[in-house]
Structures are given as structure tokens and as C-alpha cells.
Amino acid sequence: MEDRVTATGWTIVCELEDIVPDTGVCALVDDQQVAVFRVGEQQLYAIDNFDPNANACVLSRGLVGSVGERVVVASPIYKQHFDLRTGECLEAPEHSVQAWQVKLEGGHVLLGQPQR
Amino acid sequence: MTMKLLVIGNGMVGHKLLEELAQRQPPGLDITVLCEESRPAYDRVHLSEFFSGKSAEDLSLVRPGFFEQSGIQLRLAARAVHIDRQQKRVTTADGEVIAYDKAVLATGSKPFVPPIPGNSRAGCFVYRTIDDLLAMQQWGARSKLGVVIGGGLLGLECAKALRDLGLETHVVEFAPRLMAVQVDDIGGQILRRKIEELGVTVHTGKSTQEIVDGETAHHRMKFADGSYLDADMIVFSAGIRPRDELARACELGVGERGGIHVDNYCRTRDWDVYAIGECAYWGGKTFGLVAPGYDMARVVAAHLSALLERKHALELPEFAGADMSTKLKLMGVDVASIGDAHGTTPGSRSYQFSDERRQIYKKLVVSGDGKRLLGGVLVGDASEYGTLLQMMLNGIELPDEPEFLILPSSDGKAKPALGADALPASAQICSCNNVSKGQLCEAVAAGATSMGALKAATKAGTTCGGCVPLVTLVMKAQMKRQGLAVDNHLCEHFAYSRQELYHLVRVERIRHFDELIARHGKGLGCDICKPAVASILASCWNEFVLQKEHASLQDSNDYFLANIQKDGSYSVVPRMPGGEVTPEGLIAVGAIAKKYRLYTKITGGQRVDMFGARLEQLPSIWEELIDAGFESGHAYGKALRTVKSCVGSSWCRYGVQDSLGTAIDLENRYKGLRSPHKLKMAVSGCTRECAEAQGKDVGVIATERGWNLYVCGNGGMKPRHAELLAGDLDTPTLIQYIDRFLMFYIRTADRLQRTSVWRDNLEGGLDYLKEVIVHDKLGIAAELEAEMQHIVSTYECEWKKAVTDPQARKRFQHFVNSRQSDGNVVFVPERGQIRPATPDEKRRPRIPASVVTE
Ligand code: SRM
Ligand SMILES: Cc1cc2nc3c(=O)[nH]c(=O)nc-3n(C[C@H](O)[C@H](O)[C@H](O)COP(=O)(O)OP(=O)(O)OC[C@H]3O[C@@H](n4cnc5c(N)ncnc54)[C@H](O)[C@@H]3O)c2cc1C
Ligand code: SF4
Ligand code: FES
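Each value, and the rule that gives it
Residues numbered from 1 in each chain as written. Chains lettered and ligands numbered in written order. Predicted model: local features only at pLDDT ≥ 70, side-chain atom pairs only at ≥ 80, totals over all residues. Heavy atoms only, no water. Helix = DSSP H or I, 4+ residues; strand = E, 2+ residues; numbered from the N terminus. Buried < 20%, exposed > 50% of the residue type's maximum accessible area, 1.4 Å probe, protein only. Contact = heavy atoms within 4.5 Å. Areas by Shrake-Rupley, 256 points an atom, 1.4 Å probe, with all protein chains shown as cover. Phe/Tyr/Trp six-rings, centres within 6.5 Å; stacked < 30°, edge-to-face > 60°. Lys NZ or Arg CZ within 6 Å of the ring centre and 35° of its normal. Near = heavy atom within 4 Å. Polar contact = N/O pair within 3.5 Å; in protein donor to acceptor, adjacent residues only side chain to side chain. Nonpolar A, V, L, I, M, F, W, Y, C, P; charged D, E, K, R; others polar. Salt bridge = Lys/Arg side-chain N within 4 Å of Asp/Glu carboxyl O. Pairing = 2+ DSSP bridges. Axes fitted to C-alpha atoms, helices over the stretch in contact; angles between N-to-C directions. Buried area = accessible area lost by both parts, 1.4 Å probe. Core = buried A, V, L, I, M, F, W, Y, C linked by side-chain atoms within 4.5 Å. Expected span 1.5 Å × (residues − 1). Parallel < 35°, antiparallel > 145°, perpendicular 65-115°, else oblique. Left-handed = near helix turned anticlockwise from the far one by under 90°. pLDDT = per-residue confidence, 0-100. Lys, Arg positive; Asp, Glu negative; His and termini not counted.

When helices and strands are tallied, chain A shows 0 helices and 12 strands. Counting from the amino terminus, helix and strand elements in chain A follow one another as β-β-β-β-β-β-β-β-β-β-β-β. Scored against the burial criterion, the 116 residues of chain A give a buried share of 58%. Put simply, of all contacts in chain A between residues at least 6 apart along the chain, 39% involve residues at least 24 apart. Put simply, chain A shows about 5,000 Å² of open surface, and 46% of that area lies on carbon and sulfur atoms.

This next bit is on the overall build of chain B. A tally of regular secondary structure across chain B gives 27 helices and 38 strands. For chain B, buried positions account for 54% of its 854 residues. Taking contacts inside chain B between residues at least 6 apart in sequence as the whole, the part at least 24 apart equals 62%.

This brings us to the packing of aromatic side chains. The relative placement of two aromatic rings is captured by the distance of their centres and the angle of their planes. All names here are of chain B. Counted according to the given criterion, the structure contains 16 aromatic pairs over all chains. With a centroid separation of 5.3 Å and an interplanar angle of 75°, the aromatic rings of Phe-66 and Phe-67 are classed as edge-to-face. By the burial criterion, Phe-66 is buried, and Phe-67 matches it. With a centroid separation of 5.9 Å and an interplanar angle of 65°, the aromatic rings of Phe-741 and Trp-758 are classed as edge-to-face. Of the two residues, Phe-741 sits in helix H21 (residues 731-748) while Trp-758 sits in helix H22 (residues 755-760), which places them 17 residues apart along the sequence. Residue Phe-741 shares its accessibility class with Trp-758, and that shared class is buried. Here the aromatic residues Tyr-559, Phe-560, Tyr-570, Trp-622, Trp-799 and Phe-812 are joined through ring pairs into a cluster of three or more. The ring of Trp-271 has Arg-267 sitting right over it, with the charged end atom 3.6 Å from the ring centre. The ring of Trp-541 carries the charged tip of Arg-511 above its face, separated from the ring centre by 4.7 Å.

On to the site of ligand 1. All names here are of chain B. Close to ligand 1 lie 20 residues, the nearest being Gln-565, Gly-604, Arg-607, Lys-678 and Asn-714. Here an oxygen atom of ligand 1 sits 2.8 Å away from a polar atom, N or O, in the side chain of Ser-571. Residue composition of the shell around ligand 1, grouped by class: 2 nonpolar, 11 polar and 7 charged.

Attention now moves to the site of ligand 2. All names here are of chain B. Taken together, the neighbourhood of ligand 2 is formed by 28 residues, with Val-13, Glu-36, Glu-37, Arg-128 and Glu-278 sitting nearest. Residue Met-12 places a main-chain N or O atom 3.2 Å away from an oxygen atom belonging to ligand 2. Glu-36 is positioned such that a nitrogen or oxygen atom in its side chain is 2.6 Å from an oxygen atom of ligand 2. Mapped by element, the contributors of at least two residues to the shell around ligand 2 are helix H1 (12-24) and helix H5 (153-164). Top contributing element to the shell around ligand 2 by residue count: H1, with 3 residues. Looking at side-chain class alone, the shell around ligand 2 contains 13 nonpolar, 7 polar and 8 charged residues.

On to unusual backbone geometry. Residue and element names in this part refer to chain B. Positioned with a positive phi, Ala-77 is a non-glycine residue whose angle comes to about 50°. Take Ala-77: it is sitting in the loop between strand E3 (73-75) and strand E4 (80-84). The phi dihedral of Cys-712 falls on the positive side, at around 70°, and the residue is not glycine. The topology assignment puts Cys-712 in the loop between strand E35 (706-711) and strand E36 (723-729).

Residue and element names in this part refer to chain B. Per the counting criterion, the structure on display carries 54 salt bridges over all chains. The partner of Asp-131 in a salt bridge is Arg-39, and the shortest N-O contact between them spans 3.2 Å. One end of the pair, Asp-131, is in helix H4 (residues 130-140); the other, Arg-39, is in the loop between strand E2 (29-34) and helix H2 (56-59), and 92 residues separate them in sequence. Through salt bridges with shared partners, a single ionic network connects Glu-36, Arg-79, Lys-110, Arg-243 and Glu-245.

Residues and elements named next belong to chain B. Relative to the elements of secondary structure, Thr-326 occurs in strand E21 (residues 326-330). The exposure class of Thr-326 is buried, given its relative accessible area of 13%. If we skip the residues at most four places from it in the chain, Thr-326 touches Gln-182, Leu-289, Val-335, Ala-336, Ser-337 and Tyr-385.

Our next topic: the sheet that holds strand E28 (residues 563-564) of chain B. Two pairing modes exist for strands in a sheet, parallel and antiparallel, and in both the strands are linked by backbone hydrogen bonds. Residue and element names in this part refer to chain B. The 4 strands are arranged E28-E29-E31-E30 in an open sheet whose pairing can be described as antiparallel. With partners counted over all chains shown, the strands left at the sheet margins are E28 and strand E30 (599-602), one partner each. Here strand E29 (residues 570-572) pairs with strand E31 (residues 608-613) via 3 bridges, running antiparallel. Among the inter-strand pairings, Tyr-570 is bridged to a residue of E31, identified as Ala-613. Against the sheet, helix H19 (residues 618-627) makes contact with E29 and E31, and its axis sits at roughly 5° relative to E29, the strand it touches most.

Let us now look at the pairing of strand E4 (residues 32-39) of chain A. Residues and elements named next belong to chain A. Among the 8 residues in E4, 7 count as buried, and that is most of the element. Where strand E3 (residues 23-29) folds back on E4, the antiparallel hairpin that results is connected by 2 residues, among which Asp-30 adopts a positive phi of roughly 50°. In this sheet, strand E5 (residues 43-48) lies alongside E4 in antiparallel orientation, the contact comprising 6 bridges. Of the residues in E5, the one forming a bridge with Val-36 is Ala-46.

Listed by partner, the interface residues are 36 residues for chain A and 38 residues for chain B. Of the roughly 2,700 Å² buried where chain A meets chain B, counting both sides, 53% is carbon and sulfur surface. Sorting the residues of chain A by area buried against chain B places A:Leu28, A:Arg61 and A:Leu63 first, and these three jointly supply 27% of that buried surface. Between the two partners, chain A and chain B, sit 2 salt bridges. Across the pair A:Lys79 and B:Asp555 runs a salt bridge whose closest N-O atoms are separated by 2.9 Å.

Here the focus is the environment of B:Leu454. Residues and elements named next belong to chain B. Within the fold, Leu-454 resides in helix H11 (residues 451-458). Looking at Leu-454, the relative accessible area reads 0%, which means it is buried. Residues Leu-454 and Thr-472, 18 residues apart in the sequence, show an inter-C-alpha distance of 9.2 Å. With near-sequence residues (within four places) excluded, Leu-454 lies in contact with Leu-440, Ala-443, Val-444, Ala-448, Lys-459, Val-471 and Met-475.

Time to look at the nonpolar core. Residue and element names in this part refer to chain B. Ranked by size, the top nonpolar core spans 60 residues in total, and within it Leu-709, Leu-742 and Leu-769 carry the most contacts. Broken down by element, the residue count for this core peaks at 9 residues, all from H21. Ignoring anything within four residues of it in the chain, the contact list for Leu-742 reads Tyr-670, Leu-673, Leu-679, Met-681, Val-698 and Met-788.

Time to look at H21(B). Between its terminal C-alpha atoms H21(B) stretches 26 Å, which fits the 26 Å expected from 18 residues at 1.5 Å a residue. Inspection of H21(B) places B:Leu734, B:Tyr737, B:Ile738, B:Asp739, B:Arg740, B:Phe741, B:Leu742, B:Met743, B:Phe744, B:Tyr745, B:Ile746 and B:Arg747 among the buried residues, and these make up the whole buried set.

A few words now on the packing of helix H18 (residues 583-595) of chain B against H19(B). Relative orientation and spacing of two packed helices are given, respectively, by the angle between their axes and the distance between those axes. Residue and element names in this part refer to chain B. Following both chains from N to C, one finds H18 and H19 inclined at 160°, their axes separated by 10 Å at the closest point. In terms of orientation, H18 lies roughly antiparallel with respect to H19. Classified by chirality, the crossing of H19 by H18 is right-handed. Only Ile-621, Glu-624 and Leu-625 of H19 make contact with H18, whose side of the interface consists of Val-589, Ile-592 and Lys-595. For the contact of H18 with H19, the per-class residue count stands at 4 nonpolar, no polar and 2 charged.

It is worth spelling out the confidence of the model for chain B at this point. Residue and element names in this part refer to chain B. For chain B, mean pLDDT is 89; residues scoring 70 or higher make up 96% of the total. Predicted confidence in chain B is weakest over E21, with a mean pLDDT of 77, and strongest over strand E33 (residues 679-684), with 98. Prediction confidence for the complex, expressed as pTM and ipTM, is 0.55 and 0.70 respectively.

What follows is about the side chain of B:Asp232. Residue and element names in this part refer to chain B. Position of Asp-232 among the secondary structure elements: in the loop between strand E15 (228-231) and strand E16 (233-236). We note that Asp-232 is buried and unpaired, the nearest opposite charge coming from Lys-144 at a distance of 6.2 Å. A polar atom in the side chain of Asp-232 sits 2.8 Å from the backbone nitrogen of Lys-144. Every residue in contact with Asp-232, bar those within four places of it in the chain, is listed here: Gly-123, Trp-139, Ser-143, Lys-144, Leu-145, Ala-217, His-218 and His-219.

Structure below.
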């Protein structure tokens, strides 16, 4: 599927069904790699796909879970946890990543801008 | 008030002082450091690792940004040559003059080079700094034979370095034995035998008279007894001397064998000048270890801070001497010396134990009344070091028969270690970082209930690591005392052990994670419980791991049925049962690797691994492998890996059974079996054991009458020999026992626990295991066999399913919205193949590469 940019600056990257519940996929937006996660049936999160601990673009392939109240993904390389809401790396805050705006509209998954 | 502090020397101890001061941040301190070497402080204790792969950066002790952030002025390659105590000024070799209010000498030691004619020839070295090592490395590249003069602790470490450089290595010692300072005669002999077995030639009682040109090598060393030895390089390691030349010149007072006199605050006779580390002389001795130096650094940091903060000096820490006990691993040989190792205390008695076959020597020195431990020597096995050291340091009363502390017990069980409760709160557990039992307990009480957290909170165990077992013990004991069950709960989501969860899954016939967490857990799950439960579900019901309900539980490797590599690419390992492969098979693997430009290598498990596959290439690579007759090798799964074989009776002149055929049958039987950790097996065709079966989880060795079955062996991090479970079995019984054994392990092991560790923790040990597997004491044998039969008969190749399942196949693309490849995966050529580019190489302009997918 090609990505489409809506009038308001959101990019449609895929359909909800394209993401297996409790896993992630990687989307390419303006040459940037963004990991998009579906948690449970409907909840979406997005953070950078690049893992600064490993210098590899792999976060979309990590395991999704929770640490206390936080929803996290564990990097598949060295297993650091990233908070899906904020991009914060729990074990190495200096290696945190950006979180992205993401939303569901009529079955489409839309990506916005990095949240600063 | 501001204080200009000048620190001379940026070695291990000098740097510790800086770190302590940076942490305390006393007001008004302005620090300058003179560092003679061209690089700031590094870890001299681990210097030898420079030859086994560590770089100078790896050894650095300086946190990134340390000097900048703490405002300390560091002068590299700046040596102090003169101290003017009247004017309070120091002059450097470059002629720079620096004024101080307080100065600290942390100049360390220099290696002692005996005054032998010829000792400064090119190709003669000392072993102290990274620059020394660089020089040795350069010369070593052109050398064949290297000699270390000095068979002490450092000399032996240096010998290891020469061996790592690939040289034929000799050690020449003046004294009649090795490590004369630390160990006694018999210990020295055993040590010598061990070291010689490792290929180092030892000459004791040799005094070198002269070094001249050699005939077969660069140098010739002439000994007092008329003999000689030719060598390409010579390293002096005959002891150290404190670097007290600056202090001598300004009349600061030095010890008879060198070292700058200091008091309990490490002040010299001039109270504005301190001395710390190896250059200091306190209580009649110098200290050639890092821990006492660190103590001194802490004392001085506290003293200086108190001066600046105008605190009363009464409550200040003082240096109180140090215990010089040491434990080392020299070329893989454990050596420890505790307290009064030579038994010089009047009236002391000693106990000795030696085992010539295993080359172990142990000695205890106890007080005349037999109540207290004064010292000891351990060679070949130093596992009691922690216990003995604490007994000595804390004056713990000895048992009536202290010899049992070092005697091996007849039943092979571990000796009762010293319980953490027996130690007083003041007992120093980590000497490198001066952490007491009391401090550890406090940190545990404040919430540091894992080793990671405890290390972060106290720094214990972060330097030499020798105290880690004891720190763990103290942590667990304290947790128990606090009623914090040292729990084996899988994680925060399940208050059950893996074994309990396995049971719940079986008994309640639970088939999905969601069901299990809803009934018995909480939260979303995590990267610990999800893969563990996925493995339990697979062991019980053997459903396709990528089926919708199981997919999100899989560790990344299982999710993509391939091992992820450091750069996010994957490796591909087709199964080659028993390591057997046809020429056609090899050609097919070669052709596929060539087509997709994969790196190929023969693994340690007798098969071929292909590296550098991109995610999106995996399905088509596997389609082609499957067409060529291959199946998944499960290199990614906690599952059966390989069954190593030898050629056995079909080819080998000694083989007594068809080891190859049996290995292939076993691999085909258990392939795909998911377990708590990976499983490895091997079958050897005779007792020569070419398949190394005794290092495997399940090892089979042919006998004239059938098969011997060994279990619970391990290579890897902590090798363990497998133990004989049953002998002379016919093939059906062999398989029956292996079925039972594997299923029993799967039922009862912890997550990520290899059979070796499981066995070490199994109450009742090997006898119990025999009772269960061979004699069916629990009456579960039939059940275990039936469970295994279910797995065997429901086996399907996961890759075959994955490539034919459109849902599963869809996931193998890097981008959900583009057919492009991951631009961050970049390869460069090496030895005719590819390897991942380093971050540096990635920054350079790229060579465009075409990527084959379909
Ligand atoms: C490829 C291979 C090295 C090679 O180039 O030869 C290898 C490579 C890896 N080994 Fe190994 N091991 C390989 C044979 C071994 C062996 C030798 C053997 O099997 O005969 C051992 C020691 C024997 C043993 O396990 O008892 C071995 C002991 C380990 C260990 C330590 C296990 C332990 O109990 O201490 C790990 C770490 C772990 O599993 O937690 C490990 C982990 C790994 C991992 C999976 C690390 C990782 O997570 O990335 C490597 C990934 C391989 C890949 O991407 O394909 N590998 N590894 C070998 C693959 C064999 C195969 O065909 O499947
Ligand atoms: C190979 C090796 C293995 C070791 N293994 C162990 C071990 O296992 N356990 C253990 O406890 N200890 C070990 N040690 C000893 C340990 O390294 C020392 O005890 C420790 O480094 C002492 O620290 P220091 O700061 O006193 O001296 P150093 O680390 O030697 O630092 C002194 C620094 O001062 C500099 N300096 C000297 N004079 C001047 C001057 N005039 N101007 C400017 N700078 C000057 C020197 O160049 C040097 O950089 C080992 C040592 C070596 C060499
Ligand atoms: S173990 Fe060695 S000697 Fe025995 S059959 Fe195998 S290859 Fe031959
Ligand atoms: S004793 Fe060295 S780290 Fe604890």
C-alpha cells in the first residue's frame, strides 16, 4: 500500500488489520523509520524504529508488554525497554527515542509528527 | 576560601581521589592534575586484557566528560620533576611552574629492573603501562621465544601475555619456587606443574648474570650456574619500587625500602603534601594492591573536604592498614593467599591437603588454641576463598575440626559455606569498594533487591567482581530476613514459577496466553513471561508458533524464525541432522547463499549458517531451501539445536555402533521440541568420544553392548561434564529414557535454565534422577512418554508452514508501507564475503547494493 498524506498533515501508513494485535510494524514516513504498535484490539502507539543502544532499526520487532503502569516494547537486540507513550528508554534514559503522534481513523492507521 | 590542589599522578589511585572529590563537591576547590603518561587513568589491574582483546579505550577509567564537567584541569604527558616546599611550587619537565596550597603524590611504583649487564638492550621490557604493552606487542610480532624474569604474581600474568602474543614462553625465577611471597613450597610446586601443563617452561633457582647477543635468538641470558637461554624478548617482572624520587629530593622522609612516610590521614611530614597509593609507606610497609590505595584516596578526599568545610577533624576516616589477601586466576589456575600464609605467627599450627591427580593444594594456618584462622593458601581450586577470608577478617570461631574447611567431602556435595548470618555487620564484603555487610543490608532494605540494583546502589562487585558470590548471599539472606520471599515468580505479571505455570497449563488445558493471564496473572505480560509461556504452550500442545494467538508472544527470533544479528539482519540455519549433508545439499545451500549474497560459515554444531539475510528475503530463501529438501534448524528457538555425531562404525576403524544413524534418528525425533532452554545432544561411536557427548544435555556413547546414556552436560559459560544415567542400553530403551528425561526436565525446570543448572539444583541429585527416569519412582514414566509421543507425531517444519501461510508471510517486510529495504543495514566486503559495516563505515559514502528478494 502506498502512503497517502491527508490535508491535515497526517500520513496513512496502513490498515489496522495489517498489525497483529500486541505487535508492531515499521512505517517509512519522509525517510524516517517509525515503529507503530497495536496493543490489544485498538490502542496504537508510535516511536522511532531506531534503537540507539544497538544502532539498528529494530524496535518494531520487539516484544510488547507492561512494566508497572507503563506500556513498553523490549528491544530485540539487548532488551532495553522503551515507554511506548514517551519513547523513554527505562534502562538508559540518555538513549531515549522520539514518540510520534498516531491515530486510528475508519480502520486506517495515521501517523502525525514527532511529539516534542 | 579557595584551595589550589595539585595531584601528581593520574593512575588508578590518583583518579579515585578525583572521583571522590568530584562527588563530594567541596566548596572552593581548584584542581590541577599532572599525568606523566599520554593517556588519563586506566585500569592497570586488567592491563593484561589488552592482549586478549581489550583496547586502551575499554580500559579507561575516565567517564566521558568527567574532567570537563568537574572542572578539573588535566595536563597529559606532564611529569613533575621538582617540588619546592618553601614556595609551594612544582616544576614540570617542560619547565612549567605550578603553585599549590595542597599537593597529593599519587605516583605509584615503577618496575624493578635488576642491575644485570645488558638489561637495557633493545628487546628488554617492563610491564606496567599501556605504552610498555604497545612496545612489547611490536617487538613480539617479530619474536618466537619470550622470557619473563620473575615468577611472582605479575611475572606469571606477564607470561600469559606473552603466550597470548603467540610466543614460546619461559619464566625464570631466582627463588626456588614460583610466587614465593604468596604461597609456600608445596603450593609452589603444584602451581608450577599446572603452569607447565599450559605450555610455559619454568626455570627456578636461576640467577641471571648477564645478557648478551644470542646465537639462535636476539639475546642470550647467562645464568650463574653456567647454563644459558636464548630469547627474542625479555620482560623484567622482578618486583616494584615506589616512585618516591620527588619526595626524596625534597626531604619528605621515606621508608628503608622506599615509599613516602604518611600518617593515618595520609599526610607526609609536610602537612600540605599527602601521598597515596603504591608510593605511600604506612605502618612500616607499602601496599601493592589497588584496594588499600582506594581506601587512602577516600581518606584524603574526606580530609580535604573537611578542611574546606571547616569541619572538626575528629570524626574523619583514617587509614588503618589493609589486608593483603589475594585471589587470582593466573592462566586459568586459581591461586589464593590469605593473611599469614606462611604461618609465621608464633605458636600457629597448620593443616594441609594436596591432591596430586587434580593438582589441588590447600593449607590453613590457625592460632595455637585452634580457635581462629590466621591464614591460608589455595592452589588449583579457590572456591573457599570468600568463606575463609571472612572467617579470618572477622575472627569467627573455627569448628572443632577446621581441616574439614578444606577437605573435599566424600559425597561430592558442596561444603556448607559460611552463612551470611555468621558475619558481623562491619564485615567488609567488597574490598575494592569498601562495602560492608551492613551497607549491603541497608541498601537491600531500601529496595535494592536484585544484584543489578544492589551494584548500582553500593558499587559492590563492580571492580574485580571477586565478591559477587558473597554479595549475592548477603542480599538473599537479608531479603529473607525482611520476609521478602526470595521468590521465583516468573515476573511482575505472574506470581508463579515456570514450573507452576507449566502445571496450570497442563491441568487446566490452557491453550492461549490470554486465557492464562486472565485467570492467573495481571497486566499485559512482558518480554520475560510471554516467551516463557509461548515455550510452555509449545511443549504441551505443539501448535504453530506463528498462529495468530501465539505470534505476539514470540521473542523476535521466534517471531521471524531466524536469529537477529547486531545490525538487525538475520541468520539462516537449515537442519542437517547429525551433521550429515549430501553433495547436492551442500551445492544447493551454496547456490542460495551466493544468490542472496549471504555470508557462510560452518558452525560449532556441525552445520552451515548463512548470515546477512534481510527480513524481507527470509521467506524466499526458505522456499528455495525447502525445495532443496531442507527443514528449519531451530537455531532461533529454545528448542533442540543439533545432535552432533561422529562417523562411527560405518567408517571409523574403532567404531562399535552406528553412531551416525542414531544421531540422525535422535535429531529427527526431537526436532522442533520447545523446552525451557536450548537442547544439544551428541552420539559418539566409541569411547574416544569424538562427538564430545559428555559436554551435551544428552550424550550417547556406544559400547560393545549398546549405548551409555549421559545427561546434563554443558559447554558454554560454565562447562559441566554430563553424568552417566544408565549404561549398555538397547536402542528402544535409550529412546524411552531420553523421552522421559526431556519431558521431566521440561516439566520442572525454570525459565532459561539449561539441564546442567537444573541438575545442580535438583534435590536428591543424580540418584533421584535415576529413580525417576530409570525406576519410575513417581509413576509418571508412561505419562512422560505419551507427552513426548504427542510432540513427535505433531511435528511440522515451521518454515514450511510460514512460507505457505499468507498471513504469516506478510509480516516479513521491513516496512508496512513500502517495498524498500532497511537502509541502515549495510555490508562491506571481508575475505571474499560480507560483514556488517561498522558505524564509522556507514557514515562514509555507500556503494549501492542490489538486494535480491523474490
Ligand atoms: C553459530 C554458532 C557459532 C558458530 O559460528 O559456530 C553460535 C552462535 C550463537 N550462539 Fe552459541 N553458537 C554455536 C554453537 C555453540 C556451542 C557449540 C555446540 O553447540 O557444540 C556452544 C557450547 C555448547 C553448549 O551450549 O553447551 C554454544 C554456547 C552458547 C551459549 C552459552 C550457553 C550456556 O549454557 O552457557 C549462548 C548464550 C545462551 O544460549 O544464552 C549461545 C548463544 C548463541 C547466539 C544465539 C547468541 C545470540 O543470541 O545472538 C548466537 C547466534 C547464532 C546465529 O545467529 O545463528 N551459544 N554455542 C554455533 C551454532 C551451532 C548450530 O549449528 O546451531
Ligand atoms: C599487570 C598488572 C596487574 C595488576 N593486578 C592487580 C590485581 O589483580 N589486584 C590489585 O589489587 N592490584 C593489581 N595491580 C596493581 C595495581 O595496578 C596498583 O596497585 C595500582 O595501579 C596503584 O595505583 P597508583 O595510582 O598508586 O599507581 P599507578 O596506577 O601506577 O599510577 C601512578 C601514575 O603516576 C604517574 N607518575 C609517576 N610519577 C609522576 C610524576 N613525577 N609526574 C606525573 N606523573 C607521575 C605514573 O606515570 C602513573 O601513571 C596490578 C598491576 C599491574 C601492572
Ligand atoms: S568416536 Fe572417534 S574413534 Fe570412535 S567411532 Fe567415532 S570417530 Fe571413530
Ligand atoms: S571485591 Fe573487587 S569488586 Fe568487590
